[in-house]
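Chain residues, written in single-letter form:
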Amino acid sequence: MYVLGALSPEERDTYERHLASCAECQAEVAEFGDLPELLGKLDPGVASWAGPSAVPPSSSSSSSSSSSSSSDLSWAGPSVASSPSSSWAGPSAVPSPADASWADPLLPRVLDRARHSRRTERRRRRWQTAGTALVAACLGVLAVLGVRSAGLGQPDFVAMQEVAATVPVTASLAIEGLDDGTLVRMRCAYKPGGGYGKWTYKLYVVPKSGEPEELDSWTAGAGDEYELKAHSQFRRDNIQKIEIRGADGTPLLALDA
């Protein structure tokens, strides 16, 4: 009755004071808060029921019959509004509080419709949230697969060329220009067997102008693999080539930059 605005001002004030501290009543009011709006959307054919009404006494009735009619006001059976444009106005006779058998047959249907509407909305929101999370996960997977397939984020290694008659090692380089120089990545492997033994190798950057720069040195033998990452002071556009040299300074492999 509170959400329908059917309480008197005194009853409404009393109920609102109670509502401020009662969580259960607050939940009920929240659940049926859209009941007036649903009532406004009812079909005219459904809403045409006018509820129990009292048959007014005729002007020619005696005082005794008037008294008898007034005693029947609590229930006179359903009546249909005389005008086709009439809308449902609720019960026209207020039932006696002592008459517990009286019930509005339309109200349960309206309440059921309100509950169904709320359940549908909650399910829609849950599916919407789950769908958003699923789409985000799929986009993340596609992004990772796209990056991998495009080779983004992976250095581009290029094989170095042999520049000596006897070279016991193969290698490839990835060169990346930086603001403060150049980053050089190297992968190398050593040919198995051949009686080469252990060799000392050095990685050099040969600039277009200036003295060659030694980036790193290491020792490896047949069947070994070696990787390194080193920083050169020379900018990428000032590098002529990069070389792997033996311990005596003899170039073995080279890559033009």
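What counts and what doesn't
- Residues numbered from 1 in each chain as written.
- Predicted model: local features only at pLDDT ≥ 70, side-chain atom pairs only at ≥ 80, totals over all residues.
- Heavy atoms only, no water.
- Helix = DSSP H or I, 4+ residues; strand = E, 2+ residues; numbered from the N terminus.
- Buried < 20%, exposed > 50% of the residue type's maximum accessible area, 1.4 Å probe, protein only.
- Contact = heavy atoms within 4.5 Å.
- Areas by Shrake-Rupley, 256 points an atom, 1.4 Å probe, with all protein chains shown as cover.
- Phe/Tyr/Trp six-rings, centres within 6.5 Å; stacked < 30°, edge-to-face > 60°.
- Lys NZ or Arg CZ within 6 Å of the ring centre and 35° of its normal.
- Pairing = 2+ DSSP bridges.
- Lys, Arg positive; Asp, Glu negative; His and termini not counted.
- Salt bridge = Lys/Arg side-chain N within 4 Å of Asp/Glu carboxyl O.
- Polar contact = N/O pair within 3.5 Å; in protein donor to acceptor, adjacent residues only side chain to side chain.
- Core = buried A, V, L, I, M, F, W, Y, C linked by side-chain atoms within 4.5 Å.
- pLDDT = per-residue confidence, 0-100.
- Axes fitted to C-alpha atoms, helices over the stretch in contact; angles between N-to-C directions.
- Parallel < 35°, antiparallel > 145°, perpendicular 65-115°, else oblique.
- Nonpolar A, V, L, I, M, F, W, Y, C, P; charged D, E, K, R; others polar.

**Brief notes about the overall build of the protein**
Okay, step 1: Of regular secondary structure, the protein possesses six helices and eleven strands.
Okay, step 2: Taking all 257 residues of the protein together, the buried fraction comes to 24%.
Okay, step 3: In the protein, the share of contacts with a sequence separation of at least 24, taken over all contacts with a separation of at least 6, comes to 61%.
Okay, step 4: Approximately 16,700 Å² of the protein is accessible, and the part contributed by carbon and sulfur atoms is 55%.

**Considering the packing of aromatic side chains**
Okay, step 1: According to the stated counting rule, one finds four aromatic pairs in the structure shown.
Okay, step 2: Here Trp199 and Tyr201 contribute two aromatic rings whose centre-to-centre distance is 6.0 Å and whose plane-to-plane angle is 15 degrees, an arrangement assigned as stacked.
Okay, step 3: Taken together through their ring pairs, the aromatic side chains of Tyr190, Trp199, Tyr201, Trp218 and Tyr226 make up a single cluster.
Okay, step 4: It is Arg187 that lies over the ring of Phe157; its NZ or CZ is 3.9 Å from the centre.

**Let's talk about the sheet that holds strand S3 (residues 158–159)**
Okay, step 1: Read across the sheet, four strands follow the order S3-S5-S6-S9 without closing on themselves; strand pairing throughout is antiparallel. This sheet does not close on itself; its edge strands, each paired only once, are S3 and strand S9 (225–232).
Okay, step 2: Where strand S5 (residues 169–178) meets strand S6 (residues 181–190), ten bridges bridge the pair, whose relative direction is antiparallel. Paired with Ala174 across the strands is Arg185, a residue of S6.

**Quick notes on the environment of Asp224**
Okay, step 1: Take Asp224: it is sitting in the loop between strand S8 (213–220) and S9.
Okay, step 2: Looking at Asp224, the relative accessible area reads 26%, which means it is partly exposed.
Okay, step 3: Each C-alpha atom of the pair Asp224 and Lys191 lies 8.0 Å from the other, and the pair is 33 residues apart in sequence.
Okay, step 4: For Asp224, the contacting residues outside a window of four places in its chain are Cys188, Ala189, Tyr190 and Lys198.

**Let's talk about the side chain of Glu213**
Okay, step 1: By the element assignment, Glu213 lies in strand S8.
Okay, step 2: For the buried Glu213, which has no salt bridge, the nearest side chain bearing the opposite charge is Arg245, at an N-O separation of 12 Å.
Okay, step 3: Polar side-chain contacts of Glu213 include one of 3.3 Å to the backbone nitrogen of Gln233.

**Overview of the pattern of salt bridges**
Okay, step 1: As enumerated under the stated definition, the model contains eight salt bridges in all.
Okay, step 2: Close ionic contact of Glu176 with Arg185 constitutes a salt bridge, the shortest N to O distance being 3.3 Å.
Okay, step 3: On the basis of relative accessible area, Arg185 is assigned to the partly exposed category, the value being 23%.

**Some words on the nonpolar core**
Okay, step 1: Counting 25 residues, the largest nonpolar core has Met186, Leu203, Trp218, Ile242 and Ile244 as the members making the most contacts within it.
Okay, step 2: Of all the elements in the fold, those that place two or more residues in this core are S5, S6, strand S7 (199–207), S8, S9, strand S10 (239–246) and strand S11 (251–256).
Okay, step 3: For Trp218, the residues in contact, after removing those within four places along its chain, are Met186, Cys188, Tyr190, Trp199, Thr200, Tyr201, Lys202, Leu203, Tyr226, Leu228 and Ile244.

**Here's the deal with the confidence of the model for the protein**
Note that predicted coordinates carrying low pLDDT should not be read in detail.
Okay, step 1: On average, residues of the protein score 74 in pLDDT, and 62% of them reach the 70 mark or higher.
Okay, step 2: Here residues 53–87 is a poorly scored stretch, pLDDT under 50, and it has 24 contacts once near neighbours within four places are set aside; other chains count.
Okay, step 3: For residues 91–102, every residue scores under 50 in pLDDT, and the model assigns this stretch 14 contacts once sequence neighbours within four places are set aside.

**A word on the packing of helix H1 (residues 9–19) against helix H2 (residues 23–31)**
Okay, step 1: Taken N-terminus to C-terminus, the directions of H1 and H2 make an angle of 115 degrees; their axes are 8 Å apart at the nearest point. Between H1 and H2, the angle is such that the two are roughly perpendicular. Residues Tyr15, His18 and Leu19 of H1 form the contact with H2, whose own contacting residues are Cys25, Gln26 and Val29.
Okay, step 2: In terms of residue class, the contact of H1 with H2 is made up of four nonpolar, two polar and no charged.

**Looking at the pairing of S8**
Okay, step 1: Pairing of S7 with S8, which is carried by seven bridges, proceeds in the antiparallel orientation. Within the sheet, the bridge partner assigned to Trp199 lies in S8 and is Ala220.
Okay, step 2: Remark: five residues form the turn of the hairpin made by S7 and S8, two consecutive strands paired antiparallel; Gly210 in that turn has positive phi of roughly 110 degrees.

**Some remarks on the sheet that holds S7**
Okay, step 1: What the five strands build is an open sheet, ordered S4-S11-S10-S7-S8; its pairing is antiparallel. In this open sheet, the two edge strands, each paired with only one partner strand, are strand S4 (161–162) and S8.

**Here we look at the environment of Pro155**
Okay, step 1: Mapped onto the fold, Pro155 is located in the loop between helix H6 (107–150) and S3.
Okay, step 2: Between the alpha carbons of Pro155 and Ile175 there is a distance of 8.0 Å; along the sequence they are 20 residues apart.
Okay, step 3: Residues in contact with Pro155, not counting those within four places in the same chain, are Ala174 and Arg185.

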